[in-house]
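# Summary of the model geometry
Given next are the chains, with one letter for each unit.
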Amino acid sequence: MRVVSGIQPTGQPHLGNYLGAIVNYVKLQDEAHAAGGECFIFLADLHAISMPHDPAELSATTREMVATLVACGLDPSKTVLFNQAQVPAHAELQWLLSGTARMGWLNRMTQWKDKAGKNREGQSIALFTYPVLQAADVLLYQATHVPVGEDQKQHLELARDIAQKFNNDFASEDAPIFTLPEPIIPPEAARIMSLRDGNAKMSKSDVSDLARINLIDDADTIMKKVKKAKTDPEPLPSEEAGLEGRAEALNLVSIYGALSGQSVSDVLGEFGGQGFGVFKPALGELMIDTLSPINTRFRDLMQDREALDAILARGAAKAREASGDTLAAAYKALGLVRG
Ligand code: TRP
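Residues numbered from 1 in each chain as written. Predicted model: local features only at pLDDT ≥ 70, side-chain atom pairs only at ≥ 80, totals over all residues. Heavy atoms only, no water.

## Observations concerning the environment of Gln274
Take Gln274: it is sitting in the loop between helix 11 (264-271) and helix 12 (276-302). Sequence spacing of Gln274 and Cys39 is 235 residues, and the spatial spacing of their C-alpha atoms is 43 Å. (Helix = DSSP H or I, 4+ residues; strand = E, 2+ residues; numbered from the N terminus.)

This is how it looks when you write it as structure tokens:
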């Protein structure tokens, strides 16, 4: 079992990143560790340059994201934690795979279509070839399990197509160069929506800070945001079906369930018939209980920049070592003679 995943180091990490991605990394880290497998989690800083960005901000947010991941429970002694920029093999393999990936495949990517909108001609080439770098990210390490959100499933399918075509074209059947990776998509409950609109994902780019719970929000801010969260005037139903058409109520109940390890129907079993005047303070308390230790660890880690840099340097050394053979095999298979 080899778990590999990347997270973009842009913006403030929030509850949606935590419940949707980071909690799942920690779980897989522990599973992989227990099964004698390995876990590689990296900051996708090379991907971040596919959109306009501020260089100083990128280095700062890369460190913040490492501190966040460690504060949330990723353990650098169990997980190889690094940033792509320190492991040149990612950029190298991307180029090698660019001979295999097809324009037609990339043109079908919905993330490309969404991000480019009507202005395809004005986008960076990096935005278009973004999924090829993502394929390199996982194929380099012979990943078997790749935890991602639903929106990244298509990129993983592309990585499998690239791996398959490369193996077909350049490797013998009994000695494939790349392993086909499987996406691991967390359960539906992990889709955390905005506190202001139950139909929009909780996002770092939402103009209203009230729409999200940032992992560094203090207890008062969290309680205030939960109390101001959009809801409807009805009390909570006792059955899940009663949440139909009540996107905001469903979101708050789902968050409660995700934080307490309960299903939506368990939560309704406890709170059915109660109004938001009772439910919101309970949810706020639960969030504060979960996030305040993370918050404290994050602040401690951010005070020691050298320690954070050392974590990244150690991770990068392990990642370079782990990716060396696969990269060499890819060069060789293509007939490229390295010095
Ligand atoms: N594209 C992913 C996202 O936006 C981040 C990412 C980059 C990634 N490389 C990856 C995820 C490799 C999984 C595997 O969320």
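## Considering the side chain of Thr100
Mapped onto the secondary structure, Thr100 falls in the loop between helix 4 (89-98) and helix 5 (103-107). The exposure class of Thr100 is buried, given its relative accessible area of 2%. (Buried < 20%, exposed > 50% of the residue type's maximum accessible area, 1.4 Å probe, protein only.)

## Looking at the domain arrangement of the chain
By domain assignment, the chain separates into domain 1 (2-190 + 304-333) and domain 2 (209-300). Placing a centre on the C-alpha atoms of domain 1 and another on those of domain 2 gives a separation of 31 Å. Ranking the residues of domain 1 by area buried against domain 2 places Leu15, Leu19 and Ala71 at the top, with a combined share of 41%. Where domain 1 meets domain 2, there are zero salt bridges. The tally of links between domain 1 and domain 2 comes to three residue pairs in polar contact (both at pLDDT 80 or more). Of all the secondary-structure elements, those providing two or more residues to the side of domain 1 that touches domain 2 are helix 1 (15-34) and helix 3 (55-71). Of the residues forming the side of domain 1 that touches domain 2, the biggest block, five residues, is contributed by helix 3. (Domains from an automatic or database assignment. Buried area = accessible area lost by both parts, 1.4 Å probe. Salt bridge = Lys/Arg side-chain N within 4 Å of Asp/Glu carboxyl O. Polar contact = N/O pair within 3.5 Å; in protein donor to acceptor, adjacent residues only side chain to side chain.)

## Examining the side chain of Gln134
Assignment of secondary structure puts Gln134 in helix 7 (residues 125-139). Gln134 sits in the buried class, given a relative accessible area of 11%. A distance of 3.1 Å separates the side chain of Gln134 from the side chain of His155, its partner in a polar contact. Dropping the residues within four chain positions of it, Gln134 is found in contact with His47, Gln152, His155 and Leu156. (Contact = heavy atoms within 4.5 Å.)

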